[in-house]
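Residue strings, one per chain:
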Amino acid sequence: MAFELPNDFRCPISLEIMSDPVIIQSGHTFDRVSIQRWIDSGNRTCPITKLPLSENPSLIPNHALRSLIANFAHVSPQESPRPKTQQDHTQSQSQSLISTLVSRSSSYESRLESLTRLVRLTKRDSLIRRKITESGAVRAALDCVDSCNQVLQEKSLSLLLNLSLEDENKVGLVADGVIRRIVAVLRVGSPDCKAIAATLLTSLAVVEVNKATIGSYPDAISALVSLLRLGNDRERKESATALYALCSFPDNRKRVVDCGSVPILVEAADSGLERAVEVLGLLVKCRGGREEMSKVSGFIEVLVNVLKNGSLKGIQYSLFILNCLCCCSREIVDEVKREGVVEICFSLEDNESEKIRRNATNLVHTLLGVQ
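Quick caveat: nothing in here was measured; it's all calculated off a predicted structure.

What counts, and at which threshold
Residues numbered from 1 in each chain as written. Predicted model: local features only at pLDDT ≥ 70, side-chain atom pairs only at ≥ 80, totals over all residues. Heavy atoms only, no water. Helix = DSSP H or I, 4+ residues; strand = E, 2+ residues; numbered from the N terminus. Rg over C-alpha atoms; globule rule 2.2 N^0.38 Å. Buried < 20%, exposed > 50% of the residue type's maximum accessible area, 1.4 Å probe, protein only. Contact = heavy atoms within 4.5 Å. Areas by Shrake-Rupley, 256 points an atom, 1.4 Å probe, with all protein chains shown as cover. Lys, Arg positive; Asp, Glu negative; His and termini not counted. Charge placed at Lys NZ, Arg CZ, Asp CG, Glu CD. Axes fitted to C-alpha atoms, helices over the stretch in contact; angles between N-to-C directions. Parallel < 35°, antiparallel > 145°, perpendicular 65-115°, else oblique. Left-handed = near helix turned anticlockwise from the far one by under 90°. Nonpolar A, V, L, I, M, F, W, Y, C, P; charged D, E, K, R; others polar.

### Overview of the overall build of the protein chain
Phase 1 of the analysis: If you tally the helices and strands in the protein chain, you get 22 helices and three strands.
Phase 2 of the analysis: Relative to the globule expectation of 21 Å for 371 residues, the C-alpha radius of gyration of the protein chain, 22 Å, shows essentially globular dimensions.
Phase 3 of the analysis: Principal-axis analysis of the C-alpha atoms gives the protein chain an extent of 75 × 45 × 40 Å.
Phase 4 of the analysis: Taking all 371 residues of the protein chain together, 50% fall into the buried category.
Phase 5 of the analysis: A separation of at least 24 residues holds for 66% of the contacts in the protein chain among residues at least 6 apart in sequence.
Phase 6 of the analysis: Of the roughly 17,200 Å² that the protein chain leaves accessible, carbon and sulfur atoms contribute 49%.
Phase 7 of the analysis: Side-chain charges in the protein chain split into 45 positive and 44 negative, and the spacing between the mean points of these groups amounts to 3 Å.

In structure tokens:
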């Protein structure tokens, strides 16, 4: 049955539903194809704010939004699109739900019902997300995260995740103390709550200042690394995604390495979690990361397996990691050659991805240039 998708899921340039949302320096999200076309046309300003971009702007995957778009049809109520004439009714309904949520006299059942319905409404309505923030209901939602009741905790985390879709809410949520609650949930929450908490960190980390704040918060990174090591498939994927978002901020890379993440990430990559390879592709940029990777037995074999069987993104990062490691170690060069990587690189010369072709060429030059 048809339903109305939120406008936030549409690219500001093409106005189509985004299939690969990415974030640029200004903090705004666009579909990759549209913003890449904008950049390739010679534009070096944000299409929305008109603020200048760097010469080679980074396009950071917005994994949280992509996941919401992918899952929206599955989790949305099966109902026909709401007629616009009901907008006033919806706004009134949301105000009643907010009042119930913030009232100290509300029962557990009524508070849970309000959270459940607000989660549903905020998935699709940016106006309601802003209304909740302006009403002061964020504090009530944060208090529910502190609850020992897992159902109440899960619904409140889902509401906060939806609220974080608004760029202007991301810094405000951090200022209101959401990180402390997230870290606590990552440590002792239910599996579903832990996964949502990790996704919420990913969403918050879209803003550069939040990357620094989250990375420096005690136990935030170590809690994610622990989840990556001990969690189920969904928890591990979401924790790796959050680590990837945080590691785009250079100061966080050493923090992640110092938490003993490298062997855990290698093991995750070996089990098929390619997001772990992407995290390693950021950690290899710091000296500590390279040193730890060189100590992990079987790491080269894991990367070679990704080169043979992985996705385009996995191949791209594996080539980059191998090149960084080979530039620092003759022993690794010899091992990489024994694994037949030169031949693999030659086979990638005609790959559809320009980044893969470039990384393969660079790796060949490194391997053949070391005598």
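### Brief notes about the packing of helix α13 (residues 233-247) against helix α16 (residues 274-283)
Phase 1 of the analysis: One can describe the packing of α13 onto α16 by two numbers: an axis separation of 9 Å at closest approach and a directional angle of 20°. Here α13 is positioned roughly parallel relative to α16, judged by the angle of their axes. The hand of the α13/α16 crossing is left-handed. Where α13 approaches α16, its residues Ala240, Thr241, Leu243, Tyr244 and Cys247 are matched on the opposing element by Arg275, Ala276, Glu278, Val279, Leu282 and Leu283.
Phase 2 of the analysis: For the contact of α13 with α16, the residue count by class is eight nonpolar, one polar and two charged.

### Description of the packing of helix α19 (residues 312-326) against helix α22 (residues 354-369)
Phase 1 of the analysis: Following both chains from N to C, one finds α19 and α22 inclined at 25°, their axes separated by 9 Å at the closest point. With respect to each other, α19 and α22 are oriented roughly parallel. Handedness of the crossing formed by α19 with α22: left-handed. When α19 is examined against α22, the residues Leu312, Ile315, Gln316, Leu319, Phe320, Leu322, Asn323 and Cys326 are found in contact with a partner set consisting of Lys355, Ile356, Asn359, Ala360, Asn362, Leu363, Thr366 and Leu367.

### Re the environment of Val304
Phase 1 of the analysis: As for its position among the elements, Val304 is in helix α18 (residues 299-309).
Phase 2 of the analysis: Taking C-alpha positions, Val304 is 33 Å from Ser54, a pair spaced 250 residues apart along the chain.
Phase 3 of the analysis: Once residues lying within four places of it in the same chain are set aside, the contact partners of Val304 are Glu339, Val341 and Ile344.

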